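Here are the chains, one letter per residue:
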Amino acid sequence: MGDVTSDPSAAAAAPAARSPWLAPVLRAVPAIAAGLIITFTADHSPAVGLTMLAVFGLGSSLVLLVTALRMRAAEPVRGLHRGLSLVAALVGALAVAVLVSGAAGLALLLLLIGGYAVLAGALELVWGIRHRDRSGFARDAVVIGGGTLALALVLAFVGDPVSAVGFFGAYAVMLGVYLAIAGVSLRRGAPAEEGAAS
């Protein structure tokens, strides 16, 4: 009978244990979606940029929140996802508010994308540096955080909506591809880590 009985806590932890590698893959989806839509859209107006920022922000926030809830409390990435979820939700909601108010313009577009890049980039970069010996995702977080901060720097020298929306689209595509690769790498490394631990 001892072989038939299962541990409920172990069964509940199984989905959460998969989240560390699954989380980056799911996080890549809204980024790639927003980036590809921008890439194949001729209209790079501030309204289009804000719409895609809303899609990216709210979609990312939902994915980050769901994956954070699936993780164990001791998982280091959980705190990062919760923080990034708040930043993405705030920027996405503000983008929607600007669109609804009819005040879409270059200044607000740059402010919101730049604000997101600074907050999210700094958060991810600092987290990656602090957790470089505790998480397999730390190195990727440093790269993503640095790249996101670089977006803010680039936007500081942009003076037209076409370039602003284009740079944001390019960033979203590169972010999505990098996250997908990072997730696959974490999954491949998981069996080796489990074998070493046993």
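Here's a quick rundown of the structure. Here the structure is a predicted model, which is why all the values come from computation and not from measurement.

Cut-offs used in this document
Residues numbered from 1 in each chain as written. Predicted model: local features only at pLDDT ≥ 70, side-chain atom pairs only at ≥ 80, totals over all residues. Heavy atoms only, no water. Patch = residues over 30% accessible without salt bridge, like charges linked within 9 Å, V, L, I, M, F, W, Y side chains within 5 Å. Areas by Shrake-Rupley, 256 points an atom, 1.4 Å probe, with all protein chains shown as cover. Salt bridge = Lys/Arg side-chain N within 4 Å of Asp/Glu carboxyl O. Helix = DSSP H or I, 4+ residues; strand = E, 2+ residues; numbered from the N terminus. Buried < 20%, exposed > 50% of the residue type's maximum accessible area, 1.4 Å probe, protein only. Axes fitted to C-alpha atoms, helices over the stretch in contact; angles between N-to-C directions. Parallel < 35°, antiparallel > 145°, perpendicular 65-115°, else oblique. Left-handed = near helix turned anticlockwise from the far one by under 90°. Nonpolar A, V, L, I, M, F, W, Y, C, P; charged D, E, K, R; others polar. Contact = heavy atoms within 4.5 Å.

**Re a nonpolar patch on the surface**
- Taken together, the side chains of Leu58, Val96 and Val100 define a hydrophobic patch exposed on the protein surface, amounting to about 260 Å² of accessible area.
- With respect to the secondary-structure elements, Val96 resides in helix 3 (residues 76-101).
- By relative accessible area, which is 35% here, Val96 ends up partly exposed.

**Topic: the packing of helix 2 (residues 46-70) against helix 3**
- Where helix 2 meets helix 3, the closest approach of the two axes is 7 Å, and the angle between their N-to-C directions is 150°. The orientation of helix 2 with respect to helix 3, classified from their angle, is roughly antiparallel. Helix 3 is crossed by helix 2, and the crossing has left-handed handedness.
- For the contact of helix 2 with helix 3, the per-class residue count stands at 17 nonpolar, eight polar and two charged.

**Here we look at the pattern of salt bridges**
- Taken as a whole and judged by the stated rule, the model has one salt bridge.
- For Arg27, the salt bridge identified is with Glu124, shortest N-O distance 2.8 Å. With Arg27 in helix 1 (residues 8-39) and Glu124 in helix 4 (residues 106-130), this pair connects stretches of sequence that are 97 residues apart.
- On the accessibility criterion, Arg27 (6% relative accessible area) is buried.
- Among the residues examined, Glu124 registers a relative accessible area of 2% and is labelled buried.

**Points about the environment of Leu53**
- Here Leu53 shows up in helix 2.
- With 40 residues separating them along the chain, Leu53 and Ala93 place their C-alpha atoms 9.5 Å apart.
- Here Leu53 is in contact with Val91, Gly92, Ala95, Leu112, Ile113 and Phe168, once residues within four sequence places are set aside.

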